[in-house]
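# Descriptive structure summary
Listed here are the chains, written in short residue letters.
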Amino acid sequence: GGRQQYTLRVQEQPIGAVLQALAKRLSLTIQIDEEGIRKAGKSLDTRVSFSVNQANQDQLLEALLKPAGLDYQVDGDRVRIGAERYSQK
């Protein structure tokens, strides 16, 4: 399929909520390592603000998760979200 591009502006939204919305919009299954995130002292309630323009899926996820110290790993149409640990991309 063609690379989709996304333009999105988020202001002070909890990451968890933004992820759910993105999952619907991108038809992705999101798996969240809540325990790992908690152990790392991070939270999906962290509010983030960002805006991306003509971004691809990776750039979008990066913009959303990096500020909260979270990371992701894409596996087909599944995205795993965790505390920064997948950094050997």
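For the structure given in this document, a descriptive report is provided here. (Residues numbered from 1 in each chain as written. Predicted model: local features only at pLDDT ≥ 70, side-chain atom pairs only at ≥ 80, totals over all residues. Heavy atoms only, no water.)

With respect to topology, 3 strands assemble into an open sheet ordered 2-5-4, the strand pairing being mixed. At either margin of the open sheet sits one strand with a lone partner, and together these are strand 2 (29–32) and strand 4 (70–75). Averaged over all adjacent pairs, the angle separating strand axes in this sheet is 25°, with direction ignored. Relative to strand 5 (residues 78–83), strand 2 runs parallel, the two sharing 4 bridges. What sits directly across from Gln 31, in strand 5, is Arg 80. Contacting strand 2, strand 4 and strand 5, helix 1 (residues 15–26) runs over the sheet at an angle of about 155° to strand 2. (Pairing = 2+ DSSP bridges. Helix = DSSP H or I, 4+ residues; strand = E, 2+ residues; numbered from the N terminus. Axes fitted to C-alpha atoms, helices over the stretch in contact; angles between N-to-C directions. Contact = heavy atoms within 4.5 Å.)

Before going further, it helps to examine the pairing of strand 4. Looking at chain direction, strand 4 and strand 5 are connected through 6 bridges and run antiparallel. Note on strand 5: the bridge partner recorded for Asp 75 is Arg 78. From the end of strand 4 to the start of strand 5, which pair antiparallel, there are 2 residues, and Gly 76 there has a positive phi angle of about 70°.

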